[in-house]
Structure formats: C-alpha cells, structure tokens
Amino acid sequence: TIELSIYSSDGYYVAWETCCRNNLINNVDNPGSTGTTFRSKIWISDNNFANLGNSSPTFGFDSLMNQNYPHDAYLCKAQEHTFNFNAVDLDGDSLAYSLATPLNCHPFTWQTGGPVTQAGEYDTIIWKNNTYNTNNPLGIGSYMYIDAVTGDITTYASTVGVYVFSVKIEEWRELNGVWKKIGEVTQDIQYETIDCEQNNAPTITIDEHLENGVFIDSNYAAL
C-alpha cells in the first residue's frame, strides 16, 4: 500500500514502457521498432475528488470459459463482425467507449536493450502510409466503429493481415450535481484478419395459403 499526498490537482500516473511490436503488423509504420506504453492515471482534485473511492473499469473475464473477453482474436475477411469486451465497473459509474490511437514508447537504442521508462507525455504509434487511422485501423475498404454507450465494436475487414488498435473506456460520476470524469482505461489490442468459410444466414420459407382469413402451412396435414 502506497499513500500519495494531494499536492496537485493533476494527480498521478504510473507507466511502464517496452519494445517492440512484431513485424507482422500491417497498419503500423516500422512496427518492429515501435514500442508500447502501459499507463495508469490516478485522478485527484482538491474539491470534488478528495476521498473519492473508485475502482477502475475492467475488461470482462468469462469465468465459465476461464478467459478474457472477447473470446476470439481474429476477424473474418469480408464478413461483418460485432464483439464486446463486457467491461465491468464495480462502482456503477457511467462508462463511455471510444477508439484510441495506441501508444508508442520513448526513443531507445538497441544497445540499451529497449526504452527506459520516462515521464510523459507519450507519443502514439505512426499509422502506415496514411491508409490507416484511429477511426479506421483496418484500412481502405474496411471499417471499425464502437458504440459509445454499449461498447459494441462493429468491424468489416477487406484485407487479410494483422492490425493494432486501442479501445478507451472513460468513467463518469455525478458529484455534487455535476457529471465529472473520474478515470479511464485503455486496452491495446492486436487482431488478425483471416480467410474464413462463408457463413451465410439460413433462409426460412413456409409454403402457405390463405384459408378463411388464416394463413395455413400447405405442408401441414391434420390427423
């Protein structure tokens, strides 16, 4: 347990930097020399946040499957896919979801074996060839969007490959009659798009006719 004094309304953050991402990633410029930063903010305010009890929202864990949501880590090429991380906030705070740009790490040299964690701010990754961006990390002919209220992510990937993106969850609470942002978490995610067998929805038809104002299935025979 570490106690931190409230000397600044800016609060605190804890960070850890590491390198590197893998060369298979399609939407990041020079991924093999691009790192990532894991950061946790501790929000403090002398007036409204003092003595504020809060638990950060967590990306959901499925106890029956013994794994985190979502259950898959791939997208099917040319097929729309919707998934959710089933985030949970123990305090019942209002959660707002959005896509975010993944973080990079500070510059480093191979002689040091990677970056040394430094104070922020932290650069974001550089999207490759201006083809990709925060709101469309899957590229031309594809799309990805997230419902700000439910956290449902809807995707359509047109090209096979490996893609990085981030999901941010902001938590809001009503304090003294005013809604205040009291924290956020961001998940850095890597997904692969693969060729899948086409899974068309079944078509259901009924051979029916109208009889005395009632539709009757022509294949049904009463005994």
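Going along each chain's sequence as written, the residues are numbered from 1 onward. In keeping with the predicted nature of the model, local features appear solely for residues at pLDDT of at least 70, side-chain atom pairs appear and are counted solely at 80 or more, and the whole-chain, interface and lining totals rest on all residues. To get the side-chain values, take all heavy atoms of the structure and skip hydrogens and water.

### Thoughts on the pattern of salt bridges
Pairing is possible between side chains that carry opposite charge, provided their charged atoms lie close to one another.
Argument step 1. Salt-bridge detection follows one rule: a side-chain nitrogen of Lys or Arg within 4 Å of a carboxyl oxygen of Asp or Glu. Tallied over the full model, the rule gives six salt bridges.
Argument step 2. Taking the shortest distance from any N to any O, the salt bridge between Arg39 and Glu121 comes out at 3.4 Å. Here the residue Arg39 occupies a position in strand 2 (residues 36–42), and Glu121 occupies one in the loop between strand 7 (94–100) and strand 8 (143–146), the gap between them amounting to 82 residues.
Argument step 3. Type-normalised accessible area, obtained with a 1.4 Å probe on protein chains alone, sets the label of each residue: buried when under 20%, exposed when over 50%, and partly exposed for intermediate values. Among the residues examined, Glu121 registers a relative accessible area of 63% and is labelled exposed.
Argument step 4. In this structure, Arg173 and Asp91 form a salt bridge, with 3.7 Å as the shortest nitrogen-oxygen distance. Of the two residues, Arg173 sits in strand 10 (residues 161–175) while Asp91 sits in the loop between strand 6 (81–83) and strand 7, which places them 82 residues apart along the sequence.
Argument step 5. Assessed through its relative accessible area of 17%, Arg173 is described here as buried. Here a helix means four or more residues in a row that DSSP labels H or I, a strand means two or more in a row labelled E, and each is numbered from the N terminus.

### Things to note about the sheet that holds strand 11 (residues 178–194)
Argument step 1. The sheet built from four strands is open, its strands ordered 5-11-10-7 with mixed pairing. Both edges of this open sheet fall to strand 5 (74–76) and strand 7, since each of them pairs with a single strand only. Strand-to-strand twist across the sheet, computed as the mean angle between neighbouring axes with direction ignored, equals 35°. One bridge is not enough; two strands pair if DSSP finds at least two bridges between them. Lines are fitted to the C-alpha atoms to define the axes, a helix being fitted only along its stretch in contact, and any angle between axes, read from their N-to-C directions, falls within 0 to 180 degrees.

### Topic: the sheet that holds strand 8
Argument step 1. Here three strands make up an open sheet; going across it, the order is 6-9-8 and the pairing antiparallel. Edge positions in the sheet fall to strand 6 and strand 8, since each has one partner strand and no second. Each strand of the sheet is rotated relative to its neighbour by a mean of 15°, with strand direction disregarded.
Argument step 2. Examined bridge by bridge, strand 8 and strand 9 (residues 153–156) share four bridges and lie antiparallel to one another. From the neighbouring strand, Met144 faces strand 9, where its bridge partner is Thr155.

These values are about where atoms sit, not about what they do.
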